[in-house]
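Close look at the chain arrangement
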Amino acid sequence: MSETLEKPVQTSDARRKAEAWLAEFEGALTSGDVVAAADLFAEVSFWRDLVAFTWNIRTVEGRAGVADMLSHVLDGVQPQNFRLAEEPTEEGGVVTAWIEFETKVARGDGLLRLKDGKAWTLLTAMTELKGFEEPMSERRPMGAEHGSQAGRKSWKEKREEEERTLGYETQPYVLIVGGGQGGIALAARLRQLDVPTIVIEKNDRPGDSWRKRYKSLCLHDPVWYDHLPYIDFPKNWPVFAPKDKVGDWLEMYTKVMELNYWTRSTAKSARFDDEKGEWEVVVDRDGEDVVLRPKQLVMATGMSGKANIPKFKGMERFKGEQQHSSQHPGPDAYKGKQVVVIGSNNSAHDICAALYEGGADVTMVQRSTTHIVKSDSLMEYGLGDLYSERALKAGVTTKKADMIFASLPYRILHEFQIPVYDKIREVDKDFYADLEKAGFRLDYGTDGSGLFMKYLRRGSGYYIDVGASQLIIDGKIKLKAGQVEEITETGVKLDDGTELPADLIVYATGYGSMNGWAADLISQEVADTVGKVWGLGSDTPKDPGPWEGEQRNMWKPTQVENLWFHGGNLHQSRHYSQYLSLQLKARKEGLPTPVYGLQEVHHKG
């Protein structure tokens, strides 16, 4: 009888290195040896934690940062069972390894990069709380209840009862103010975690925050970047979805995800009752005042915050029409009219292009330099490796892409972005030369790092070109650079003495910090206690230092307990809603959530 000898499986160098590091790391953590654990990191290194270790969204830098964080959290976290999730890779001296791990109360996953045997970057992210797993896959509900039970209620009857009683006979644990994509994504996550939640939205229907914008609005980010949690866009969805299509998707999503979504509802006031440990929020629900008493209040009113309406001399005497870009209805009423759009970022370009197409005589006033990137170039060089059909065919799922992007520390992210925009500048050099010849003042970010860093640092200062730039090059959208000196009865006077006649002035002048919404709803004192929302502290224009390392006050605890801020683009709403929902669920279940590195306040707004 012969024996079959199997050839032993070769263990790759990358696997050996990653497994050795994980074993040493777990050994140091298990023994409580903070110094040994920190010594496994390179001198220049970054550990980004999404809730798993810190109950916060926090990046620590270098061995000293790792040691400080672990000395505060290790006893409570009790991390263990670090293991590889798939075969690691090695390229350019960097070992990249997808990992999984557990803590006392949760499971997590992450991404590790090693250089010379030491951790260069480590991402750890909580994925689920033990005992409170989402009812998905093999845990999905049965739906049909077989057998006989007297007086049993159908699914429809249960939903109707919940909609009738929540907010009246029973109270939500979480109230989300704002029913755009951010509020909807978070509510969907909380629904799966069995956290009673109400979303309030001022509009008549879910998705109206998109439908009511100017008619040419569409997503400037491609479809692969924009999925909501649980339900991807279908495979025939357009690359750049028009606003009304996005609105319809959001409306469908709220229905099929069974969200408790109150339309025609506006939060009038809110205060925290310290004795009861809950908020008291007065909501006008379709003309009737309802008092809600949630434990947690989430502001999901838009990352861009409140409309920034400038105070130019003479605005009150202008005889025409004037409006902020967020109120602009579109071009239909302005055929043959003279329109001045003040601003030169995304909204300004979109509005100018639509007005030109609608037969208006339109002039853009550019007050400061703007970063322009062609949509095709952004997709090819900026997003293609993570969010594209090409990426999917290479095995980079949306979840993987989100984690890869999240694993690049903000401190060094610009170093990865600069070569991308250098390449784009080279490929599109004729396009940029034509823009400058037309008088458009360009920039590529303070350090040449382009669009994403501008977005993360300040949320403004750029345009993803989907056609308006060519209209500027061709002179079809008139361009005037300068500062507004005053608004006259008949137009806009600039600092060089030029007066631009106008029937309509559109102020595409951006938005203020999100904590402005908290000032309106709760108090200025609370808004000041929270401080500025958004920005990294990069000490670049509109993002004052000191360095924060994370987005200020987004998706994590703030200096006002039980008050949270959620939002961002569709990608951020999808990704970070997971970590905010887990923080809220943990509090609902009474789990200890000691926060390491609570957001400090350096700027009030």
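Overview of the structure. (Residues numbered from 1 in each chain as written. Predicted model: local features only at pLDDT ≥ 70, side-chain atom pairs only at ≥ 80, totals over all residues. Heavy atoms only, no water.)

**Thoughts on the overall build of the chain**
For the chain, the count of helices and strands is 18 helices and 25 strands. Since a compact globule built from 605 residues should have a radius of gyration of about 25 Å, the 26 Å found for the chain is in line with a globular shape. C-alpha extents for the chain along the principal axes are approximately 95 × 65 × 55 Å. Out of the 605 residues in the chain, the part that is buried amounts to 54%. Partitioning the contacts of the chain with sequence separation of at least 6, the portion at a separation of at least 24 is 66%. Carbon and sulfur atoms provide 48% of the accessible area of the chain, an area that totals close to 26,800 Å². Separation of charge centres in the chain, based on 76 positive and 91 negative side chains, amounts to 3 Å. (Helix = DSSP H or I, 4+ residues; strand = E, 2+ residues; numbered from the N terminus. Rg over C-alpha atoms; globule rule 2.2 N^0.38 Å. Buried < 20%, exposed > 50% of the residue type's maximum accessible area, 1.4 Å probe, protein only. Contact = heavy atoms within 4.5 Å. Areas by Shrake-Rupley, 256 points an atom, 1.4 Å probe, with all protein chains shown as cover. Lys, Arg positive; Asp, Glu negative; His and termini not counted. Charge placed at Lys NZ, Arg CZ, Asp CG, Glu CD.)

**A look at the pairing of strand 11 (residues 265-273)**
Where strand 11 lies against strand 12 (residues 278-285), eight bridges are found, and the strand directions are antiparallel. Bridging from a neighbouring strand, serine 265 pairs with arginine 285 of strand 12. Counting the residues between successive antiparallel strands, the hairpin from strand 11 to strand 12 contains four residues, one of them, glycine 277, with a positive phi of roughly 65 degrees. (Pairing = 2+ DSSP bridges.)

**So, helix 11 (residues 398-407)**
The buried count for helix 11 comes to seven of ten residues, which makes it a mostly enclosed element. Listed as buried for helix 11 are Thr398, Ala401, Asp402, Met403, Phe405, Ala406 and Ser407.

**Focus: the packing of helix 12 (residues 410-427) against helix 14 (residues 450-458)**
A pair of packed helices is characterised by two quantities: the angle between their axes and the separation of those axes. Contact geometry of helix 12 with helix 14 gives a least axis separation of 7 Å together with a crossing angle of 150 degrees. Between helix 12 and helix 14, the crossing angle belongs to the class labelled roughly antiparallel. Residue-level inspection shows Tyr410, Leu413, His414, Gln417 and Tyr421 of helix 12 in contact with helix 14, the latter providing Gly450, Leu451, Phe452, Met453, Leu456 and Arg457. The class makeup of the residues in the contact of helix 12 with helix 14 is seven nonpolar, three polar and one charged. (Axes fitted to C-alpha atoms, helices over the stretch in contact; angles between N-to-C directions. Parallel < 35°, antiparallel > 145°, perpendicular 65-115°, else oblique. Nonpolar A, V, L, I, M, F, W, Y, C, P; charged D, E, K, R; others polar.)

**Considering the packing of aromatic side chains**
Aromatic ring pairs are reported here in terms of the distance separating the ring centres and the angle at which the planes meet. As enumerated under the stated definition, the model contains 25 aromatic pairs in all. Ring centres of tyrosine 225 and tyrosine 387 lie 5.0 Å apart, and the angle between their planes is 90 degrees; this geometry places the pair in the edge-to-face category. Of this pair, tyrosine 225 sits in the loop between helix 6 (208-211) and helix 7 (243-256) while tyrosine 387 sits in the loop between helix 9 (375-383) and helix 10 (389-393), placing them 162 residues apart in sequence. Neither tyrosine 225 nor tyrosine 387 differs from the other in exposure class; each is buried. Ring geometry for phenylalanine 312 and tyrosine 507: centres 6.1 Å apart, planes at 45 degrees, overall tilted. With phenylalanine 312 in the loop between strand 14 (296-299) and strand 15 (321-324) and tyrosine 507 in strand 24 (residues 504-507), the pair connects residues that are 195 residues apart, well separated along the chain. (Phe/Tyr/Trp six-rings, centres within 6.5 Å; stacked < 30°, edge-to-face > 60°.)

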